Amino acid sequence: KLGLPLIGLYDSLGARVQEGLDTTRVIGKMFFENSITSGVIPQISAIMGPCIGVAAYCPALTDFIFMVKNTSQMFITSPPVIKAVTGEDVTMEQLGGWKLHAEVSGVADFVADDDADCMARIRKLLSFLPLNCNELPPRTAPTDSPDRMIEDMETVVPREQKKLYNVKDVIVRIVDSGDFFEVKARFAKNIVIGFG
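Cut-offs and rules
Residues numbered from 1 in each chain as written. Predicted model: local features only at pLDDT ≥ 70, side-chain atom pairs only at ≥ 80, totals over all residues. Heavy atoms only, no water. Core = buried A, V, L, I, M, F, W, Y, C linked by side-chain atoms within 4.5 Å. Buried < 20%, exposed > 50% of the residue type's maximum accessible area, 1.4 Å probe, protein only. Helix = DSSP H or I, 4+ residues; strand = E, 2+ residues; numbered from the N terminus. Expected span 1.5 Å × (residues − 1). Arc of directions from axis to C-beta. Polar contact = N/O pair within 3.5 Å; in protein donor to acceptor, adjacent residues only side chain to side chain. Phe/Tyr/Trp six-rings, centres within 6.5 Å; stacked < 30°, edge-to-face > 60°.

**Comments concerning the nonpolar core**
Next, step 1: One finds Phe 66, Cys 118 and Leu 125 to be the most contacted residues of the largest nonpolar core, which totals 14 residues.
Next, step 2: For this core, the elements supplying multiple residues, two or more each, are strand E2 (43–52), strand E3 (64–68), strand E5 (110–112) and helix H6 (115–128).
Next, step 3: Take this core: its biggest share by element is four residues, from H6.
Next, step 4: In terms of nonpolar packing, the next biggest core, distinct from the first, is built from 13 residues, Ile 47, Ala 55, Met 74 and Ala 102 among them.

**Observations concerning H6**
Helical geometry note: an α-helix holds 3.6 residues per turn, so side chains three or four residues apart project in the same direction.
Next, step 1: Counted at 1.5 Å a residue, the expected span for H6 with its 14 residues is 20 Å, and the 21 Å between its end C-alpha atoms agrees.
Next, step 2: Three or more residues of H6 are buried, namely Asp 117, Cys 118, Ile 122, Leu 125 and Phe 128. Looking straight down H6, one finds that the buried residues subtend no more than 140 degrees of arc, so they occupy a single side. Along H6, the residues that are exposed and aim more than 90 degrees away from the buried face are Ala 116 and Arg 123.
Next, step 3: Between the side-chain oxygen at the start of H6 and the backbone nitrogen of Ala 116 there is a gap of 3.2 Å, and the oxygen is on Asp 114.

**As for the packing of aromatic side chains**
Next, step 1: Evaluation of the coordinates by the stated rule reveals three aromatic pairs.
Next, step 2: Ring plane angle 65 degrees and centroid distance 5.6 Å describe the contact between Phe 31 and Tyr 57, whose orientation is recorded as edge-to-face. Of this pair, Phe 31 sits in helix H1 (residues 20–37) while Tyr 57 is found in helix H2 (residues 57–60), placing the two residues 26 residues apart along the sequence.
Next, step 3: With a relative accessible area of 24%, Phe 31 lands in the partly exposed category.
Next, step 4: Classification of Tyr 57 as partly exposed rests on a relative accessible area of 39%.
Next, step 5: Where Phe 66 meets Phe 110, the ring centres are 4.2 Å apart and the plane angle is 15 degrees; that geometry is what we call stacked. Residue Phe 66 is located in strand E3, and its partner Phe 110 is located in strand E5; the two are separated by 44 residues in the primary sequence. Each member of the pair, Phe 66 as well as Phe 110, carries the same accessibility label: buried.

That is the geometry; function is a separate question.
What follows is the structure in C-alpha cells.
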C-alpha cells in the first residue's frame, strides 16, 4: 500500500510434503503478491543460505537477486531427489550455487562476499532506485564539473576499432564522481544503473 521496496531475505530448506495444502496456499499468496507488485515497487531478494523447493520461486519473481559466495544455493529439487531419480551425485553448490546462477544461468544479479557485504550492496542499490513506479529516481548533487576534461579517454578507448577495451573504464570516467552500480542481468547481459 505504501509502495515501499520489498526486500526478502531467504534462507529456507523449503516445505515438506507432509505440510500439505496449508503451505501451498500461503506460498500461492506470496507468488500472487510478487506478481501484482512487479513493475510497481522494487522487489529485491537476498539468498542468504539454502533456498530450496518452493522457497526458490519467490526470488525468481523479483527484480533483483543477490547471492552470497559459498553460502547461497537456490534450486527446486534437492541432491537426494536428483540421486533417486537420475542416479547422479550432485552437490548443493553444483545444483544451484552462487557461481552457477551468476555465471551460467544468469538468475543472480549480484554476488556478495558475505552477509554484511550483501546488506551493504542492497543499501547501495536502493540509493539508485525510486521508491515506486510513481516516483523519479533519487537525485544527488554532482561533486564534479560537467565540463571536466577526461584527459586519458583517448588512451582508454583505442583508435583501432577491432582492439578490445573495458567499457567499465569509460563509464567510471563519465558518470558523476565515478559512482555507478553494475548489474549482472539475467541471461548474462550487463546493464548499468547510474547517474551521468
